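Examination of the molecular architecture
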Amino acid sequence: MARLALKQLLQENPRKVLVLDGGQGTELERRGINVANPVWSTIPFIDDAFWSESSAERKIVEEMYRDFMKAGAEILMTVTYQASFKSVSENTPITTLSEYNSLLTRIVDFARGCVGEDKYLIGSIGSWGAHVCCEFTGDYGPNPETIDYYEYFKPQLENFNKSPQIDVIAFETIPNIHEIKAILSWDETILSKPFYIGLSVDDNGLLRDGTTMAEIAEFIKSVGDKINPNFTLLGINCVSFNTSSDILASIHKVLPDMPLLVYPNSGEVYDAERKVWHPNGDKSNTWDLVVKRYIEAGARVIGGCCRTTPEDITEVSEAVKKYSE
Ligand code: MET
Ligand SMILES: [Zn+2]
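Just so we're clear, the structure is a prediction, and the values are computed from it rather than from any experiment.

Cut-offs and rules
Residues numbered from 1 in each chain as written. Chains lettered and ligands numbered in written order. Predicted model: local features only at pLDDT ≥ 70, side-chain atom pairs only at ≥ 80, totals over all residues. Heavy atoms only, no water. Helix = DSSP H or I, 4+ residues; strand = E, 2+ residues; numbered from the N terminus. Rg over C-alpha atoms; globule rule 2.2 N^0.38 Å. Buried < 20%, exposed > 50% of the residue type's maximum accessible area, 1.4 Å probe, protein only. Contact = heavy atoms within 4.5 Å. Areas by Shrake-Rupley, 256 points an atom, 1.4 Å probe, with all protein chains shown as cover. Lys, Arg positive; Asp, Glu negative; His and termini not counted. Charge placed at Lys NZ, Arg CZ, Asp CG, Glu CD. Right-handed = clockwise from strand over helix to strand, strands pointing away. Pairing = 2+ DSSP bridges. Polar contact = N/O pair within 3.5 Å; in protein donor to acceptor, adjacent residues only side chain to side chain. Axes fitted to C-alpha atoms, helices over the stretch in contact; angles between N-to-C directions. Salt bridge = Lys/Arg side-chain N within 4 Å of Asp/Glu carboxyl O. UniProt positions renumbered as here; feature names shortened; annotations may be inferred. Disulfide = S-S within 2.5 Å. Expected span 1.5 Å × (residues − 1). Bend = angle between axes of the 7 residues up to and from the residue.

1. Points about the overall build of the protein
A tally of helices and strands in the protein yields twelve helices and ten strands. Against the globule reference of 20 Å for 325 residues, the protein gives a C-alpha radius of gyration of 18 Å, in line with a compact fold. Judged by the C-alpha coordinates and their principal axes, the protein covers about 50 × 50 × 40 Å. When each of the 325 residues of the protein is scored for burial, the buried share is 57%. Put simply, 78% of the contacts in the protein that link residues at least 6 apart link residues at least 24 apart. Here the protein displays about 14,000 Å² of accessible surface, and carbon together with sulfur accounts for 51% of that area. Charged side chains of the protein number 31 positive and 47 negative; the gap between the two group centres comes to 4 Å.

Put into structure tokens, the structure is as follows:
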């Protein structure tokens with residue numbers, strides 16, 4: 001393997017900040033792929049035609065990876081946010097575990113082929129809430145503590161655990177404290193690879209279910225040494241651009257030794273009535289400014305989530321160079 005283990009890289013180079021890619025799902029949509037379906041951006045891979053050399057959609061995905069890398073991304077994701085076994089088996093012709101594993105392995109190997117051996121590859125897993133569209137409300141019903149999170153994640157997790165191509169597993173957009181507690185209760189037999197948790201946080205800096213960052217920190221501290229040593233980074237993703245640096249600083253304050261990661265949305269504001277995006281009204285907030293603040297707040301991995309493009313990642317890389325070296 002051409003690259004150092006991610007944890008080793010972060011530990012041995014305390015000033016190193018890795019640039020992550022941007023919002024893949026929205027970027028593929030911007031490039032013409034219709035992602036409006038229950039498995040979202042994983043849809044192109046479901047069609048057998050994708051795997052032929054001449055596939056136009058395949059070219060689009062390859063170009064997306066190429067452009068994020070040109071922009072400076074050093075750690076990139078698989079396009080598997082909505083690809084849990086439940087979502088795939090209930091909404092596509094792929095219904096058996098063995099077909100599902102072949103699909104995931106194909107997607108992961110394809111992503112590795114696109115990014116090459118030098119880059120880090122993240123196996124993306126959306127929150128439990130993502131399959132029922134509540135990753136931005138955190139409303140997991142009346143008994144969120146009784147949900148069997150492991151059963152839901154297991155097939156995707158086992159595939160990624162075994163994959164020699166995946167460097168780190170991502171639990172993205174996690175909005176509920178019970179889900180965080182479940183993930184952090186899993187030992188190395190269940191989560192045998194480095195992993196991170198991206199929290200889904202509102203504009204007031206609360207987890208979407210209302211939990212404070214201090215409460216999350218208390219929980220992590222209460223697990224203490226028993227925490228899975230593969231727990232590598234904690235952070236926020238798919239959060240408001242304008243408030244993201246304050247939120248990250250609030251996590252750094254309560255967990256000063258935890259390596260953090262952050263990839264916010266583009267800063268545009270969605271008008272749900274007219275179904276259009278408006279530009280960020282706060283012109284004083286630039287990538288240069290927020291990246292500087294992220295690094296001051298302990299960020300070790302920085303990129304973009306929904307609606308961020310290779311142009312955004314270029315600005316992220318320039319700012320990372322300026323403030324981390
Ligand atoms: C809804 S958050 C989506 C995160 C995912 N990694 C993507 O950008 O495609
Ligand atoms: Zn997002």
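2. Brief notes about the pairing of strand β4 (residues 168-174)
Burial within β4 is extensive, with seven of its seven residues counted as buried. Running through helix α7 (residues 149-162), the crossover from strand β3 (residues 120-126) to the neighbouring parallel element β4 is right-handed. Here β4 pairs with strand β5 (residues 195-199) via four bridges, running parallel. In the strand pairing of β5, Ile169 is matched with Phe195. Crossover handedness for the path β4 to helix α8 (residues 177-183) to β5: right-handed.

3. Considering the side chain of Asn228
Along the chain, Asn228 falls in the loop between α9 (213-223) and β6 (231-237). Using a relative accessible area of 3% as the deciding quantity, one classes Asn228 as buried. A distance of 3.0 Å separates a polar atom in the side chain of Asn228 from the backbone oxygen of Trp186. Asn228 has contacts with Trp186, Asp187, Glu188, Leu191 and Phe195, leaving out every residue within four places of it along the chain.

4. Details of the sheet that holds strand β10 (residues 299-302)
Hydrogen bonds between backbone groups are what pair the strands of a sheet, and the pairing can be parallel or antiparallel. In space, the eight strands of this open sheet follow the order β1-β10-β7-β6-β5-β4-β3-β2, with parallel pairing throughout. Of all the strands in the sheet, the pair left with one neighbour each is β1 (18-19) and β2 (75-77). Pairing of β3 with β4, which is carried by five bridges, proceeds in the parallel orientation. Residue pairing for β4: Ile122 is matched across the bridge by Val168. Sitting on the sheet, α7 is in contact with β3 and β4, with an inclination near 170 degrees to β3. Across the sheet, helix α11 (residues 287-296) lies against β7 (260-263) and β10, angled at about 140 degrees from β10, the strand it touches most.

5. Examining the pattern of salt bridges
As enumerated under the stated definition, the model contains 17 salt bridges in all. With a closest N to O distance of 4.0 Å, Asp48 and Arg106 form a salt bridge. Here Asp48 is found in the loop between α3 (43-46) and α4 (56-70), whereas its partner Arg106 is found in helix α6 (residues 97-115), with 58 residues between them in sequence. Classification of Asp48 by relative accessible area gives exposed; the value is 61%. Here Asp167 ties to Arg112 by a salt bridge, and the two come within 3.0 Å at their closest N and O atoms. Separated by 55 residues along the polypeptide, Asp167 in the loop between α7 and β4 and Arg112 in helix α6 bring together distant segments of the chain.

6. Remarks on the UniProt feature "binding site: Zn(2+)" (unreviewed entry) in the protein
When the UniProt feature table is mapped onto this chain numbering, "binding site: Zn(2+)" (unreviewed entry) sits at Cys238, Cys305 and Cys306. In three dimensions, the annotated residues from a span of 69 residues occupy one location, with a maximal C-alpha spread of 6.2 Å. Summarising the element assignment, Cys238 is placed in the loop between β6 and α10 (241-254). Setting aside residues up to four positions removed in sequence, Cys238 forms contacts with Phe136, Thr173, Arg208, Tyr263, Pro264, Asn265, Cys305 and Cys306. Mapped onto the secondary structure, Cys305 falls in the loop between β10 and α12 (310-324). When neighbours within four sequence positions are excluded, Cys305 is seen to be in contact with Gly22, Gly23, Asn237, Cys238, Tyr263, Pro264 and Asn265.

7. A closer look at the state of the cysteines
Inspection of the entire model under this criterion finds zero disulfides. The cysteine Cys133 is free of any disulfide, with Cys134 supplying the nearest cysteine sulfur at 7.8 Å. Of the residues examined, Cys133 reaches a relative accessible area of 65% and is grouped as exposed.

8. Re the side chain of Gln24
Residue position: Gln24 is located in helix α2 (residues 24-30). Among the residues examined, Gln24 registers a relative accessible area of 7% and is labelled buried. Reaching out from Gln24, the side chain makes a polar contact with the backbone oxygen of Met77 at a distance of 2.8 Å. Gln24 has contacts with Met64, Tyr65, Met77, Thr78 and Val79, leaving out every residue within four places of it along the chain.

9. Things to note about α7
Given a rise of 1.5 Å per residue, 14 residues ought to cover 20 Å, and the 20 Å separating the end C-alpha atoms of α7 matches this to within 8%. A maximum bend of about 45 degrees is found in α7 at Pro155. Within the span of α7, buried status applies to Tyr149, Tyr152, Phe153, Pro155, Gln156, Leu157, Asn159, Phe160 and Asn161.

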